Amino acid sequence: MTPVQKQEYDVVIIGGGVAGLSAALVLGRARRKVAVVDSGTPRNQLASHAHGFLTRDGTAPAELLRLAREEVRGYGVDLIEATVVDVTEARVAVLRDGSRVSGRHLILATGLRDVLPELAGADERWGRDLLQCPYCHGWEVRDRKLGVLATGDTSFEQALLVRQWSPQVTLFTHISGEPDDVQRRRLAARHVAIVPGEVKGLVVEDDALAALELADGQRVDCQTLFVEPEAAVDSAIISSVGCGRAEDGCITTDGIGKTDIEGVWAVGNANDPSAQLIAAAGDAYRVAVSVNAELVREDVAAAGG
């Protein structure tokens with residue numbers, strides 16, 4: 001596409017992760033003209049494998065997306081590798097090169113971006129032995145020396161959960177303060193060790209996490225560290241659309257995926273930050289069916305019915 005071109009579709013999907021492509025698959029099979037616009041930087045791109053997705057357990061995220069793209073192309077869906085920089089009131093997505101893609105309906109599948117804690121070495125280890133979800137990666141690191149970096153009150157619950165995969169779990173209180181008596185009792189019941197003090201960085205040996213270094217210089221053995229990072233939405237796109245947002249910044253929708261802006265829908269982590277791959281795909285299927293039903297009603301009305 002050139003900057004002067006404008007292509008019109010029944011549905012434009014912003015975001016080509018599992019949620020966006022699942023919606024595209026359903027709508028493509030419904031013989032709708034669909035475009036998926038994606039910048040090619042999925043949230044899970046650093047993970048070596050994706051888990052919990054039935055029939056694809058252990059598949060690399062890049063391979064999962066390759067298979068999905070291949071499938072949706074078979075139904076005539078256009079895949080546009082580009083970055084959306086603005087969305088107009090007329091549901092026109094403006095791309096970085098100036099091109100415009102418009103849709104009768106717009107689906108936001110922009111997902112989330114992880115904001116890692118400020119630890120030396122965190123960026124390099126993320127998705128390898130610095131992890132977030134034990135359901136996604138716990139089996140692969142079972143029985144290792146596991147750590148949980150406390151970044152808030154939910155980290156204490158995460159430590160209790162991680163204990164399911166290994167008898168050697170340490171909670172690093174980091175900057176969250178000391179656990180209270182109830183938390184200490186619960187952690188002790190699961191035999192979770194507690195190490196106070198701020199964590200300064202990750203100690204890597206032979207390209208593998210070996211320990212955590214505390215601010216006082218102490219090193220504590222740890223082969224895999226779990227953390228709950230902050231998650232950021234694509235605020236620029238959501239703000240340009242103007243749809244409502246929850247306290248966590250994610251897009252608010254009704255029971256079928258509609259936002260408070262006419263013709264605009266949201267799926268996956270853009271709407272539900274807790275949705276794993278298979279849940280995001282299922283949600284997108286449901287929303288796509290609702291979008292097509294809305295398009296059918298519009299088609300009937302336009303034909304005088």
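Throughout what follows, the structure given in this document is the object of discussion.

On to helix α5 (residues 154-162), then. S155, F156, Q158, A159, L160 and V162 are the residues of α5 that are buried. Contact partners of the buried residues in α5: α4 (134-137), β9 (146-149), β10 (169-172), α6 (181-189) and β15 (224-227).

Tallied over the full model, the rule gives 15 salt bridges. The residue D10 makes a salt bridge to R104 at a minimum N-O spacing of 3.2 Å. With D10 in strand β1 (residues 6-14) and R104 in strand β6 (residues 100-108), this residue pair connects regions lying 94 residues apart in the sequence. Note on D10: relative accessible area 14%, which makes it buried. Put simply, E298 and R104 hold a salt bridge, and the shortest N to O gap is 3.0 Å.

Attention now goes to the nonpolar core. V11, I13, A24, L27, I107, V267 and V291 are the most contacted members of the largest nonpolar core, which has 29 residues in total. Of all the elements in the fold, those that place two or more residues in this core are β1, α1 (18-29), β2 (34-38), α2 (61-73) and α8 (277-302). Among all residues touching I107, those that are not within four sequence positions of it are V11, V12, I13, I14, A23, L27, W265, V267 and V291. The next biggest cluster of nonpolar side chains, apart from the first, holds 25 residues, and it includes I80, V84, V87 and C243.

What follows concerns the packing of aromatic side chains. One pass over the structure, following the stated rule, counts one aromatic pair. Relative to W165, the ring of Y135 has its centre 5.6 Å away and its plane inclined at 90 degrees; by these criteria the two rings are edge-to-face. Of the two residues, Y135 sits in helix α4 while W165 sits in the loop between α5 and β10, which places them 30 residues apart along the sequence. Taking relative accessible area as the criterion, Y135 reaches 61% and is therefore assigned exposed.

Attention shifts here to the sheet that holds strand β11 (residues 193-195). Strand order across the open sheet formed by five strands is β8-β15-β9-β10-β11, with parallel pairing between neighbours. If you trace the sheet from one side to the other, it starts and ends with β8 (130-131) and β11, each paired once. Where α5 meets the sheet, it contacts β9, β10 and β15, and its direction lies at approximately 165 degrees from that of β9.

Its 26 residues place the ends of α8 37 Å apart at the C-alpha level, agreeing with the 38 Å of an ideal helix rising 1.5 Å per residue. Residues of α8 that are buried include every one of A280, A281, D283, A284, V287, A288, S290, V291, N292, E294 and L295, and no others. G304 sits one or two residues past α8 and shows a positive phi near 90 degrees.

Quick look at unusual backbone geometry now. Positive phi values are uncommon outside glycine, yet H174 reaches one of about 55 degrees. One can find H174 in the loop between β10 and α6. Judged by relative accessible area, H174 falls into the buried class, the value being 13%.

Pairing in this open sheet of three strands is antiparallel, and the strands run β12-β13-β14 from one edge to the other. Every other strand in the sheet has two partners, leaving β12 (199-205) and β14 (219-221) as the edge strands with one partner each. If you compare each strand with its neighbour and ignore which way they point, the axes differ by 35 degrees on average. Bridging between strand β13 (residues 208-214) and β14 involves three bridges; their strand directions are antiparallel. Pairing of E213 across the sheet is with R219, part of β14.

The rules behind the values
Along each chain, residues carry numbers from 1 onward, in the same order as the chain's sequence is written. Residues qualify for local features only when their pLDDT is at least 70, as the model is predicted, and side-chain atom pairs are given and counted only at 80 or more; totals for whole chains, interfaces and linings, by contrast, use all residues. The basis for every side-chain value is the complete set of non-hydrogen atoms in the structure, without hydrogens or water. Remark: exposure states derive from per-residue accessible area (1.4 Å probe, protein chains only) relative to the maximum for the residue type, with buried under 20%, exposed over 50%, and partly exposed in between. Each helix is a run of H or I in the DSSP string that is no shorter than four residues. Each strand is a run of E no shorter than two, and both are numbered from the N terminus. Here, residues are in contact when the closest pair of their heavy atoms is within 4.5 Å. By definition, a salt bridge exists where a carboxyl oxygen of Asp or Glu is found within 4 Å of a side-chain nitrogen of Lys or Arg. Within this scheme, the nonpolar core is defined by two criteria: the residues are buried Ala, Val, Leu, Ile, Met, Phe, Trp, Tyr or Cys, and they are joined through side-chain atoms within 4.5 Å. We call Phe, Tyr and Trp rings a pair once their centres come within 6.5 Å, taking the six-membered ring for Trp, and we label the pair stacked below 30 degrees between planes, edge-to-face above 60, and tilted otherwise. Strand pairing is defined by DSSP finding a minimum of two bridges between the two strands. Axes, fitted as lines to C-alpha atoms, cover a helix only where it is in contact. Angles between the N-to-C directions of the axes lie from 0 to 180 degrees. Helices are assigned an expected span. That span is 1.5 Å times one less than the residue count.

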